[in-house]
Amino acid sequence: TFLRNEPYIVLNHFSGAADADTLYVPPHWHKTHDEIFRVVKGKLEVRLGSSTRVYTAEDGDVVIPKGVVHSLRTFKGVESEFYERTDPMDEEKEIFFRNMLGKGKFPGLLEAMVIFYHGDGYPAFPGHIIWLEKLVRGTLMFDKMSD
């Protein structure tokens, strides 16, 4: 759900039904945005750097600073809802989610990389070698590496 005139821009809902997909966002990082989550129902596993923690509604905001590798995961059989926004806040996050989830399922690898490219997302590889991650992102997008 995309929110207007609210402190958060996206409300993500995962039903927890036995046949429902779970969310898994692979390790990545952002160059220009901090990412802020707030779980309102269920739980969300967040890997932040080398630490992994499960967050619930009691935990308040989860702040992921720009440049820090992170990944997200919901749990099979657990209904989960969480808000998300960026700092600085802009229209990019809504566009990112509309492109990523607009077909009702997650896109394939190449399409996901294109969406990440336009949404300030960089893949993270073991060892977090920034120049390599930028190279892969730039090479896959057939774009000059100006960032």
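Check the entry above for the structure.
Residues numbered from 1 in each chain as written. Predicted model: local features only at pLDDT ≥ 70, side-chain atom pairs only at ≥ 80, totals over all residues. Heavy atoms only, no water.

**Student:** Would you mind showing me how to read the sheet that holds strand E8 (residues 80-87) here?
**Tutor:** Overall, antiparallel pairing links the four strands, which are arranged E1-E8-E3-E6 in an open sheet. Edge positions in the sheet fall to strand E1 (10-14) and strand E6 (61-64), since each has one partner strand and no second. Strand-to-strand twist of the sheet, defined as the mean angle between neighbouring strand axes without regard to direction, takes the value 25 degrees. Sheet analysis places strand E3 (residues 34-41) next to E8, joined by seven bridges and oriented antiparallel. By the bridge assignment for E8, isoleucine 36 is matched with arginine 85. (Pairing = 2+ DSSP bridges. Helix = DSSP H or I, 4+ residues; strand = E, 2+ residues; numbered from the N terminus. Axes fitted to C-alpha atoms, helices over the stretch in contact; angles between N-to-C directions.)

**Student:** Explanation requested: the pairing of E6 in the structure shown.
**Tutor:** Looking along a regular strand, one sees side chains alternate from face to face of the sheet. Of the two faces of E6, only the one carrying Val62 and Ile64 is buried; Asp61 and Val63 on the other face are not. As paired strands, E3 and E6 are joined by four bridges and run antiparallel to one another. Opposite glutamate 35, over in E6, you have isoleucine 64 as the bridge partner. (Buried < 20%, exposed > 50% of the residue type's maximum accessible area, 1.4 Å probe, protein only.)

**Student:** I would appreciate a short explanation of the side chain of histidine 30 in the present structure.
**Tutor:** Here histidine 30 shows up in the loop between strand E2 (24-29) and E3. Histidine 30 gets classed as buried once you look at its relative accessible area, which sits at 7%. There is a polar contact of 2.6 Å between the side chain of histidine 30 and the backbone oxygen of aspartate 120. Residues in contact with histidine 30, not counting those within four places in the same chain, are Glu35, Lys66, Gly67, His70, Gly119, Asp120 and Gly121. (Polar contact = N/O pair within 3.5 Å; in protein donor to acceptor, adjacent residues only side chain to side chain. Contact = heavy atoms within 4.5 Å.)

**Student:** Can you help me understand the sheet that holds strand E7 (residues 70-73) in this one?
**Tutor:** Spatial strand order, E5-E4-E7-E2-E9: five strands in an open sheet with antiparallel pairing. What marks the edges here is a single partner per strand, and that holds for strand E5 (51-55) and strand E9 (122-123). Inspection of the sheet shows strand E4 (residues 44-48) paired to E5 by five bridges, in the antiparallel sense. In the sheet register, glutamate 45 faces E5, and the bridge partner there is valine 54.

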